[in-house]
Amino acid sequence: MKLLLVVAVLQSAFFVHSQNKYGLHPTNISGYRSSVQTNPENELVDLQEFIPGLVLDIRYATKNNFTGEQIYRLPKAYARKPVALALKKAQEEFKRLGYSIKIYDAYRPYSATVKFYELMKGDTTYVASPYHGSRHNRGCAIDMTLVDLKTGQELSMPTTYDAMQKESWPTATIGNPVIVKNRDTLIAVMAENSFKVYPTEWWHFDFTGWQKYEVMDIDFEELR
Ligand SMILES: [Zn+2]
């Protein structure tokens, strides 16, 4: 009996260190570095350096987001290597149409996902569950819109970023045909480049094959 008790205590001590309260153990910076050595596709690429003409508007590095708080210290956009390559191809197509990609958020540390979930008191309609982590935590999701190359202005879309309402759904009926064309162009070009729009957010795109990548909890400062 005593031995069993000792084993149980040791096991619970082990889990306290390896898992968080949601049962996940996200990859830290050293785990990430060794995973890149094993498989270079795991690399988180700095999208602003990698994709010509990319516009960044990293809302969680400001107070202009649904939390009203600054979540990130640096306005950075990272994604896994194959995601960055696919996004670069999409950017080439958008440029042919006279547009450029503007990114609101890309790789997101797991700790930010936990914060969003707790702020939303467990409602996962618009934020990810910390029991599984977000595709953003895997470096495989992009929140974005388009800007006009001539004016630098954002194209009109059905809602603002992170608007938690029915009009944000990519299938929502919208009266203005220009807005519908803008939204549907964004979704179609992204689909041609292996990105699937999220069913409740016209701005969120998941890279096909995201399941292969682990959830990470690494700050932007650690990646530089
Ligand atoms: Zn998103």
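Just above, that's the structure.
Residues numbered from 1 in each chain as written. Predicted model: local features only at pLDDT ≥ 70, side-chain atom pairs only at ≥ 80, totals over all residues. Heavy atoms only, no water.

Draft legend 1. Structural context of the overall build of the protein. The number of helices and strands found in the protein is seven helices and seven strands. In the protein, the succession of helices and strands from N to C terminus is α-α-β-α-β-β-α-β-α-β-α-β-β-α. Relative to the 2.2 N^0.38 estimate, which gives 17 Å for 224 residues, the radius of gyration of the protein is 19 Å and therefore close to what a compact globule would have. When the backbone C-alpha atoms are referred to their principal axes, the protein occupies close to 75 × 40 × 30 Å. Sequence-distant contacts in the protein: of pairs separated by 6 or more residues, those separated by 24 or more amount to 75%. Just so you have it, the protein exposes about 11,800 Å², and 55% of that area is on carbon and sulfur atoms. In the protein, which carries 26 positive and 25 negative side-chain charges, the distance between the mean positions of the two groups comes to 2 Å. (Helix = DSSP H or I, 4+ residues; strand = E, 2+ residues; numbered from the N terminus. Rg over C-alpha atoms; globule rule 2.2 N^0.38 Å. Contact = heavy atoms within 4.5 Å. Areas by Shrake-Rupley, 256 points an atom, 1.4 Å probe, with all protein chains shown as cover. Lys, Arg positive; Asp, Glu negative; His and termini not counted. Charge placed at Lys NZ, Arg CZ, Asp CG, Glu CD.)

Draft legend 2. Inspection of the coordination of the zinc ion at higher detail. All of the protein donors around the zinc ion are His 136 (NE2), Asp 143 (OD) and His 204 (ND1); their distances to the metal are 2.1 Å. Binding-site remark: the zinc ion is held by donors from one chain whose sequence spacing is H-x6-D-x60-H. A residue is classified by how much of its surface remains accessible, and His 136, at 2% relative accessible area, is buried. When its relative accessible area of 2% is taken as the criterion, Asp 143 is described as buried. (Donors = N, O, S within 2.8 Å, 3.2 Å for Na, K, Ca; no water. Buried < 20%, exposed > 50% of the residue type's maximum accessible area, 1.4 Å probe, protein only.)

Draft legend 3. Region of the structure containing the pairing of strand β4 (residues 99-105). The buried count for β4 comes to seven of seven residues, which makes it a mostly enclosed element. Two strands pair when backbone bridges link them, and strand β2 (residues 55-56) and β4 are joined in this way by two bridges, in the parallel orientation. Counterpart to Val 55 in the pairing with β4 is Lys 102. (Pairing = 2+ DSSP bridges.)

Draft legend 4. Spotlight on the pattern of salt bridges. Within this structure, the stated rule accounts for 14 salt bridges. Two residues, Asp 46 and Lys 76, come together in a salt bridge whose shortest N-O distance is 2.8 Å. A residue pair is termed long-range when its members are at least 10 positions apart, and Asp 46 in strand β1 (residues 44-46) and Lys 76 in the loop between β2 and β3 (78-80) qualify at 30 residues. Among the residues examined, Lys 76 registers a relative accessible area of 16% and is labelled buried. Residue Arg 73 is joined to Asp 219 by a salt bridge in which the shortest nitrogen-to-oxygen separation is 3.3 Å. On the criterion of sequence distance, the pair formed by Arg 73 in the loop between β2 and β3 and Asp 219 in the loop between β7 (201-207) and α7 (220-223) is long-range, its members being 146 residues apart. The class for Arg 73 is exposed, based on a relative accessible area of 61%. Residue Asp 219 is classed as partly exposed on the basis of its relative accessible area of 28%. (Salt bridge = Lys/Arg side-chain N within 4 Å of Asp/Glu carboxyl O.)

Draft legend 5. Unusual backbone geometry, seen in detail. The residue Lys 121 is not glycine, and still its phi comes out positive at about 55°. Tracing the sequence through the fold places Lys 121 in the loop between α5 (110-119) and β5 (141-148). Given a relative accessible area of 76%, Lys 121 falls into the exposed group. For Asp 162, which is not glycine, the phi torsion reads 65° and is therefore positive. Within the secondary structure, Asp 162 sits in the loop between β5 and α6 (177-192). A relative accessible area of 12% places Asp 162 in the buried class.

Draft legend 6. Main features of the layout of surface pockets. Looking at the largest pocket, its volume works out to about 390 Å³. Taken together, 24 residues line the largest pocket, and the ones lying closest to its centre are Val 127, Ala 128, Ser 134, Tyr 198 and His 204. The element contributing the most residues to the lining of the largest pocket is β7, with three residues. Taken together, the residues that form the lining of the largest pocket break down as nine nonpolar, eight polar and seven charged. Taken as a whole, the second largest pocket spans an internal volume of roughly 160 Å³. Ile 71, Tyr 72, Arg 73, Pro 109, Ser 111, Ala 112, Lys 115, Asp 219, Phe 220 and Glu 221 together form the lining of the second largest pocket. Those elements giving two or more residues to the lining of the second largest pocket turn out to be α5 and α7. With three residues, the single largest contributor to the lining of the second largest pocket is α5. (1 Å grid on protein atoms, 1.4 Å probe; cavity = no way out; pocket = protein on both sides within 12 Å on 5 of 7 lines; lining within 4 Å. Points joined across faces, edges and corners; volume = space filled by probe spheres on them. Nonpolar A, V, L, I, M, F, W, Y, C, P; charged D, E, K, R; others polar.)

Draft legend 7. Expanded view of helix α4 (residues 81-96). Under the 1.5 Å per step criterion, the end-to-end length of α4 is 23 Å for 16 residues, consistent within 8% with the ideal 22 Å. For α4, the full list of buried residues reads Pro 82, Val 83, Ala 84, Ala 86, Leu 87, Ala 90, Gln 91 and Phe 94. Positive backbone phi, at 95°, marks Gly 98, one or two positions downstream of α4. (Expected span 1.5 Å × (residues − 1).)

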